[in-house]
Structures are given as C-alpha cells and as structure tokens.
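Overview (structure and organization)
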Amino acid sequence: MRILAVDDDPVILDLLGRSLEENGFKDITFATTAEDALELIEVVDRPYDIFLLDVMLPGTSGIEVCKRLRQYECYRATPVLMITASRARDMMARAFEAGATDFVSKPFDALELATRINLAAMLNDSRQREKMNEAAVEQLDRMSEVSFDERFDLMSGPGVKGFYVLENEMLRRADSLNEVALFTVQVDNALGFFRGSRPAQFRAGINAVGRALSQVIDTDNIRFAYAGRGAFVAVAHAHAEVFPAQVASMTNAALADSWDSFVTGQGVPLTLTVERLAGPPLWTGKAVADKMRDFQRRAELTVQADPYEVDGLFKRLSLRIAGV
C-alpha cells in the first residue's frame, strides 16, 4: 500500500513514519507542504493508495489539497485521512465536504492510526469491487442485448429447438401431410417484464420458462421454440396428448418451484397461458411453418402497457434505487 503523508511538522512526520512502519506499512512518501504534495501527485508513476493530510498546512490547507485530489479521476475514491488536533465542527464539515474519508487526532495512537488506515483501505476496496460488479453487469447487458420481438435461441434442453431450426424441419416436409397439433405458450404480461428488466434478466426469465416446459411436456413427441415477444410455439406429433390448461398449470407450478428472483430481477414468477392453434388434423410442413410465422407476427410491440405493468416497472425501479 502506497501512502503519502503530508505535515509541516518534522516531529509529526517522524512519528507517523515510525508508527506506520511498526504496523507493516513500508511504502511511505513524505511531504511538508501542500505544494510539494501536489507536485508529487503529478509526477508519481503509480497512484497512491491512501493520503494522510495535516489540516493546518501553511499556505494551502490540507482541506484544499483534499478538494484538489478529488478532481483527479484516479483519486475520486482514494481514502483521505485528515490529521488534526482540532475537533471543531465547522472544520470537520468543510473537510468532509471536500471529500475527506476520516480523521486522525493528534496526538495519535499507532494502533488507532493503523486501524483507521486499514478500515479506509477496506472501504476503498469495497467501492472498487462494487464498480467492477456494476461494469460487469453493464457488459453482460451489452452482450445479451435483445429486442422484444427477437427469436433468440433458448439454452439447450429436452424438446428445445431454435425457431428457425424448427421452421426448417417443417419446410423440409413442405408437401407431406403430418398429423400434428400446434400450441402456443404465451408469457402473461411479457411486455411489462421486458420493459422492466435488463436484457440479461429478460433472457433468464424466458429460459426459465423453457426449462419448465421441458419438465412437463412429452419431449419425445413435442418440440417447441421461442418465437419472440414472450411467446413459444410447440409442435406436437400424433402420439402426444396435450391439454392446454393442464400444461399451463403444471408449467406455472414448475416455474414457481424453480424461479430465481435474483437472476431474473423479478420477485414474482412469470405465469403462462397455453392455447391450441386452430387448424386441420393433417398439416403440410409448409402450412406449419406459415402458421408459426403468422403467430409470431400477430403480437404488437406498440400495445400500451397495462396498469399492472406500469406498477411493476416503477416498483422494480424503486427497489433498484433503494439498493434492494
């Protein structure tokens, strides 16, 4: 840990040096004026990790030095401990306003000094980790950026297909008749979930629905894909019996059991509605593919959000602001 200690009293600097070295701090630079300290800050090849500043420096005060430090990007959050024999409230208020982290009283105790330095360093490390976490979340959001109508591929699992893969399978049997039934699975209030979530959270929620579906349907005879806009399309072959209300109930129960509110950013699990698409008992592959596309196009992104959606969005925003 690199420390810059600034005090115009050579006796204090000597005491500081010995106290710090006794407690394991070896990389210490000393300055006797604010001007010397600011010059060191300009020319140093590696930023300091902590500053110890005497409040009552001749000329430019330690409070002013602290204020100038905070103008450097690399020192915006670096701990600054003010050294003073005074406990005047107005002075302390001005120091904190300038960006001071803590105070060390003269005459100082070596153990207390080391403790305050370590606490300040821990606080700084915590802030740095928080910034790194925020940057990681932002990067994840950029990497997983998605539009509401995008037919992104689900994580692999039983019965899961990409939308275009399933469509192409049907088109390869374009003219042949197939005894199939088509079903839709629609996430309730999907638009509200999309607008109130980060991209990664929206993807996580949709993938959770896919996993739940895989658990309850006959994956040997049913294939399904995400069609965008919170909707799934399922193709059930002749041997599969599908009862929409039962599938919806079982899938909703599976979602409730496995829902991860941290990953999805949604405290309450998503719910689904399952419907059978009207059609003949025998479908050509092309007819199935056309029906899939027609279903995907029917949802409208411009539909106005309902009150539940708006309330949910503002609730989530309030929780984020509060740090929950």
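Now for a look at the structure at hand.

What counts, and at which threshold
Residues numbered from 1 in each chain as written. Predicted model: local features only at pLDDT ≥ 70, side-chain atom pairs only at ≥ 80, totals over all residues. Heavy atoms only, no water. Helix = DSSP H or I, 4+ residues; strand = E, 2+ residues; numbered from the N terminus. Contact = heavy atoms within 4.5 Å. Areas by Shrake-Rupley, 256 points an atom, 1.4 Å probe, with all protein chains shown as cover. Pairing = 2+ DSSP bridges. Axes fitted to C-alpha atoms, helices over the stretch in contact; angles between N-to-C directions. Phe/Tyr/Trp six-rings, centres within 6.5 Å; stacked < 30°, edge-to-face > 60°. Lys NZ or Arg CZ within 6 Å of the ring centre and 35° of its normal. Polar contact = N/O pair within 3.5 Å; in protein donor to acceptor, adjacent residues only side chain to side chain.

With that settled, the discussion passes to the overall build of the protein chain. A tally of helices and strands in the protein chain yields 12 helices and 12 strands. The contacts in the protein chain between residues at least 6 apart in sequence include a share of 73% that link residues at least 24 apart. For the protein chain, the exposed area adds up to about 17,400 Å²; of that, 53% sits on carbon and sulfur atoms.

One open sheet accounts for five strands, arranged 2-1-3-4-5; its pairing is parallel. Looking along the sheet, the strands with just one partner apiece sit at the ends: strand 2 (28-31) and strand 5 (102-105). Mean inter-strand twist for the sheet, computed between neighbouring axes without regard to direction, equals 20 degrees. Alignment of strand 3 (residues 50-54) against strand 4 (residues 80-84), held across four bridges, turns out to be parallel. By the bridge assignment, L52 is partnered in strand 4 with L81. Docked against the sheet, helix 1 (residues 10-22) engages strand 1 (3-6), strand 2, strand 3 and strand 4, running at close to 170 degrees with respect to strand 2.

To continue, consider the packing of aromatic side chains. In the structure shown here, the tally under the stated rule is 13 aromatic pairs. An angle of 85 degrees between the planes, with centres 5.1 Å apart, marks the rings of F194 and F202 as edge-to-face. Ring pairs connect the aromatic residues F148, F152, F193, F194, F202, F224, Y226 and F232, which therefore count as one cluster. The residue whose ring lies beneath R2 is Y48, and the NZ or CZ to ring-centre distance is 5.1 Å. Just above the ring of F152 sits the side chain of R203; from NZ or CZ to the centre is 4.6 Å.

What follows concerns the sheet that holds strand 10 (residues 231-237). Taken in spatial order, the five strands make up an open sheet running 6-9-10-8-11, and their pairing is mixed. On the outer flanks of this sheet lie strand 6 (160-161) and strand 11 (272-276), each paired with one strand and no other. As paired elements, strand 6 and strand 9 (residues 222-228) share two bridges and run parallel to each other. Counted as the bridge partner of K161 is A225 from strand 9. Lying on the sheet, helix 8 (residues 199-216) is in contact with strand 6, strand 8 (180-187), strand 9, strand 10 and strand 11; it crosses strand 9 at an angle near 165 degrees. Set on the sheet, helix 9 (residues 244-258) makes contact with strand 8 and strand 11; between it and strand 11 the angle comes to about 155 degrees.

A few words on the side chain of S214. The topology assignment puts S214 in helix 8. At a separation of 2.8 Å, a polar atom in the side chain of S214 contacts the main-chain carbonyl oxygen of P158. If we ignore the near neighbours within four places in the chain, the residues touching S214 are G157, P158, V160, T219 and F224.

A few words now on the environment of S197. Tracing the chain through its elements places S197 in the loop between helix 7 (190-195) and helix 8. Spatially, the C-alpha atom of S197 lies 8.0 Å from that of Q266, the residues being 69 residues apart in sequence. From its side chain, S197 meets the backbone oxygen of F193 in a polar contact 2.5 Å long.

From the geometry alone we can't say anything about function, so treat these as descriptive.
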